Amino acid sequence: MSALVGSNPQAFLDLVLPGSSFIKHHRNKLGISERQPDAIIQAWHPIDKEFLFNPEFQTSKEKHIPERLLLYNILLRWQFEHLLPVRSEVIYLTKNEEIEQPPLCWPTLGKRNGEKSLFDYGNTKMWKKLPEDLIGLEHMELLPLLPLTQGGMQREVVEYMFARLPGEQYRQLATMGFLFAALAFHRSKRYIDREWLERRFSHMHEILRESPAYQWILDEGIEEGIQRGRQQGIQQGIQQGMQQAVINMVVAHFPELEPLARARITAVSNLERLQHLIMDLSISHSQEEMKRVLLSLDPDA
């Protein structure tokens with residue numbers, strides 16, 4: 001999402017803060033700390049004048065998101081010497097009715113009548129946007145988000161998205177659209193639609209395999225596999241390396257799943273199945289979802 005915003009910050013200003021004009025896209029890492037917000041955009045609005053916009057993207061509810069926004073807000077004000085107000089926003093990509101609502105409140109010591117300190121921020125819920133809301137803004141960079149909108153999981157909408165993102169010029173956007181569509185179908189348990197997506201756009205798997213992110217996931221495991229291959233045979237070594245890469249991916253998020261992951265993944269010998277498994281796990285954002293994927297593995301695959 002950081003890369004997507006960086007490719008066209010004005011698109012996301014139009015999506016969240018209509019009437020705002022892009023001025024500058026700042027580097028994400030805050031110089032005064034090790035913190036790294038998803039995006040820092042300097043913009044201008046006819047009413048609010050110049051300000052900083054900090055959108056944070058979430059696929060699911062997490063603890064302390066408002067507190068994280070407050071921390072980024074303070075750090076940004078400090079870094080810019082309080083010269084610019086900061087607008088903080090959470091952009092929820094997938095549906096969750098239990099997300100925390102602004103403002104963030106906490107007790108103020110020494111005050112009577114239950115007075116509290118307040119921090120206000122915005123919530124943007126993609127599942128409440130309509131496909132035409134995004135299409136009408138006329139930014140190609142918003143098209144990958146179509147499957148996340150209300151009604152966006154219709155096959156006609158997904159087909160429209162890919163039709164608008166043809167060829168090498170839009171390859172990266174089409175890849176993101178494919179992943180968001182897979183995520184939306186997965187979260188909604190629309191497994192038949194997800195199977196349709198993978199059959200209909202099977203070429204996207206080849207594109208994914210060539211992407212830097214996919215290679216980054218595999219690098220460590222494949223390197224280990226090649227080393228083993230010198231003793232065991234290259235094919236077997238690569239297979240074991242891919243298995244280890246997938247196990248590492250699970251353990252990095254949920255260490256307690258390591259025994260299950262090791263038992264299930266090492267039983268899968270098909271390289272193509274292991275490649276598909278990487279995508280399945282990459283769109284699983286909770287321990288329960290990842291465990292379900294592991295339990296669904298066919299030991300004979």
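Residues numbered from 1 in each chain as written. Predicted model: local features only at pLDDT ≥ 70, side-chain atom pairs only at ≥ 80, totals over all residues. Heavy atoms only, no water.

### Considerations on the confidence of the model for the chain
At step 1: Across the chain, pLDDT averages 84, with 85% of residues at or above 70.
At step 2: When mean pLDDT is taken per element in the chain, helix 2 (residues 9–16) scores highest with 97 and helix 9 (residues 212–232) scores lowest with 53. (pLDDT = per-residue confidence, 0-100. Helix = DSSP H or I, 4+ residues; strand = E, 2+ residues; numbered from the N terminus.)

### A short note on the sheet that holds strand 4 (residues 86–92)
At step 1: With mixed pairing, five strands are arranged side by side in an open sheet as 1-2-3-4-7. Both outer strands of the open sheet, strand 1 (21–26) and strand 7 (122–125), are each paired with one neighbouring strand and no more. Here the strands of the sheet are splayed against their neighbours by 30° on average, with no regard to which way each runs.
At step 2: Sheet topology note: the strand 1/strand 2 (residues 40–45) ladder contains five bridges and is antiparallel. Within strand 2, the residue paired with K24 across the bridge is Q42.
At step 3: The strands touched by helix 2 within the sheet are strand 1, strand 2, strand 3 (49–58), strand 4 and strand 7, with strand 1 carrying the most contacts at an inclination of about 125°. (Pairing = 2+ DSSP bridges. Axes fitted to C-alpha atoms, helices over the stretch in contact; angles between N-to-C directions. Contact = heavy atoms within 4.5 Å.)

### Remarks on the packing of aromatic side chains
At step 1: Taken as a whole and judged by the stated rule, the model has four aromatic pairs.
At step 2: Between F12 and F57, the aromatic rings sit 6.0 Å apart at their centres with planes inclined by 85°, giving edge-to-face as the arrangement. Residue F12 is found in helix 2, and its partner F57 is found in strand 3; the two are separated by 45 residues along the sequence. An identical accessibility class is assigned to F12 and F57; each is buried.
At step 3: When the centroid spacing of 6.1 Å and the interplanar angle of 85° are considered together, the rings of W196 and F201 count as edge-to-face. For the residue pair W196 and F201, the accessibility class agrees, reading buried in each case.
At step 4: Members of the aromatic cluster, joined through ring pairs, are F162, W196 and F201. (Phe/Tyr/Trp six-rings, centres within 6.5 Å; stacked < 30°, edge-to-face > 60°. Buried < 20%, exposed > 50% of the residue type's maximum accessible area, 1.4 Å probe, protein only.)

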